[in-house]
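Summary of the model geometry
Letter by letter, the chains look like this.
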Amino acid sequence: MKKIAFIGVGLMGKSMVRNLMKAGFELHIYARTKAKVEDVISEGATFHPSIKECVKDCETVITIVGFPPDVEEVYFAHGNIMDSVEPGTILIDMTTTRPALAKKIYEVGTTKGCRVLDAPVTGGDIGAKNGTLSILVGGDKKTYEECIPLFLAMGNNINYNGPAGCGQHAKLANQIMIAGAISGVCEAFTYARSKGLDLHTLIAAVATGSAANRQLDNFGPKIIAGDYAPGFFMKHFIKDMKLALEEAADSKLHLEVLTQVLANYKELERVGYGELGTHALIKHYEK
């Protein structure tokens, strides 16, 4: 499992590649634009101009791309992963995507003699850089246990959630929680400002009480500073919330808070803020 093909060397993936190399794994990477990954190439990753060449002879293939159609493409398009991997290869999709798509990858991969996990992550760019991601895994438990050393190179909270697709369901539950938390931070800041409170003092006052949360810790100071650089793109969070609502509808659930938070984010995306971080939700309240 020392030779890894890694497809999707973006905001999160680049740090994950670095941490895998630090842990002694041999990294083979594919990216659509080579210029964007020259830094990790200079640090020891081997670049390949096609997915077919990237996965050749690798014991493990990891993918973390943007949207479900991207996952479909890298796994099922002609000449890509499913056409190119050898039996026995471990396939790990770490993208947040549809649970049904995770099951499809598992089923097709299994028929080809591969072992397949869905293992989306949470922790943002900070967690990716520090190797402290939470990794939520679905698939066969035996394969999960074999991959724990690999996961520990990228994260420090690794959990098995059940059969194929369950990692994705766990991640969508995570995103539902984040939607409520970040909107709570933005509404609290909006209220505090209207009453003349100093927001730095407010953060200090509540940071160790019952309102303490990671969204406040990570993004409160950035909101105050007007720094909306993405640790996680708004457009990707919108995708995740849409997936969560689709899955909720399948279970005949109506999630009122998530529905409203998604509507607020979609409004911001329409006016051009999709490339900003999730904490740019505060702009919804600054009209």
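Going by the structure above, here's the rest.
Residues numbered from 1 in each chain as written. Predicted model: local features only at pLDDT ≥ 70, side-chain atom pairs only at ≥ 80, totals over all residues. Heavy atoms only, no water.

Attention now moves to the pattern of salt bridges. Applying the stated criterion across every chain yields a total of 12 salt bridges. The salt bridge partner of Glu-73 is Arg-32, with a shortest N-O separation of 3.1 Å. Of this pair, Glu-73 sits in helix 4 (residues 68-76) while Arg-32 is found in the loop between strand 2 (26-30) and helix 2 (38-42), placing the two residues 41 residues apart along the sequence. Note that Lys-104 is salt-bridged to Glu-72, the shortest N-O span being 3.2 Å. Here the residue Lys-104 occupies a position in helix 6 (residues 99-111), and Glu-72 occupies one in helix 4, the gap between them amounting to 32 residues. Glu-72 gets classed as partly exposed once you look at its relative accessible area, which sits at 29%. One continuous salt-bridge network, built from bridges that share partners, spans Lys-14, Arg-18, Asp-39 and Glu-43. (Salt bridge = Lys/Arg side-chain N within 4 Å of Asp/Glu carboxyl O. Helix = DSSP H or I, 4+ residues; strand = E, 2+ residues; numbered from the N terminus. Buried < 20%, exposed > 50% of the residue type's maximum accessible area, 1.4 Å probe, protein only.)

The N-to-C vectors of helix 4 and helix 6 enclose an angle of 5°; their axes lie 11 Å apart at closest approach. As judged from the angle between their axes, helix 4 and helix 6 are roughly parallel. On helix 6, the residues touching Pro-68, Val-71, Glu-72, Tyr-75 and Phe-76 of helix 4 are Leu-101, Lys-104, Ile-105 and Val-108. Broken down by class, the residue content of the contact of helix 4 with helix 6 amounts to 7 nonpolar, no polar and 2 charged. (Axes fitted to C-alpha atoms, helices over the stretch in contact; angles between N-to-C directions. Parallel < 35°, antiparallel > 145°, perpendicular 65-115°, else oblique. Contact = heavy atoms within 4.5 Å. Nonpolar A, V, L, I, M, F, W, Y, C, P; charged D, E, K, R; others polar.)

This next bit is on unusual backbone geometry. Peptide bonds are trans in most cases, and residues, glycine excluded, mostly fall at negative phi. Of note, Asp-57 is a non-glycine position whose phi angle comes to about 70°, a positive value. Locating Asp-57 in the fold gives a position in the loop between helix 3 (51-55) and strand 4 (60-63). Judged by its relative accessible area of 54%, Asp-57 falls in the exposed class. The backbone of Lys-252 sits at a positive phi, close to 60°, despite the residue not being glycine. Structurally, Lys-252 can be placed in the loop between helix 12 (234-250) and helix 13 (256-270). By relative accessible area, Lys-252 is classed as exposed at 78%.

Its 29 residues give helix 9 (residues 166-194) an end-to-end C-alpha distance of 43 Å, which sits within 8% of 42 Å, the value for a rise of 1.5 Å per residue. Gly-196 occupies a position one or two residues after helix 9 and carries a positive phi of about 80°. (Expected span 1.5 Å × (residues − 1).)

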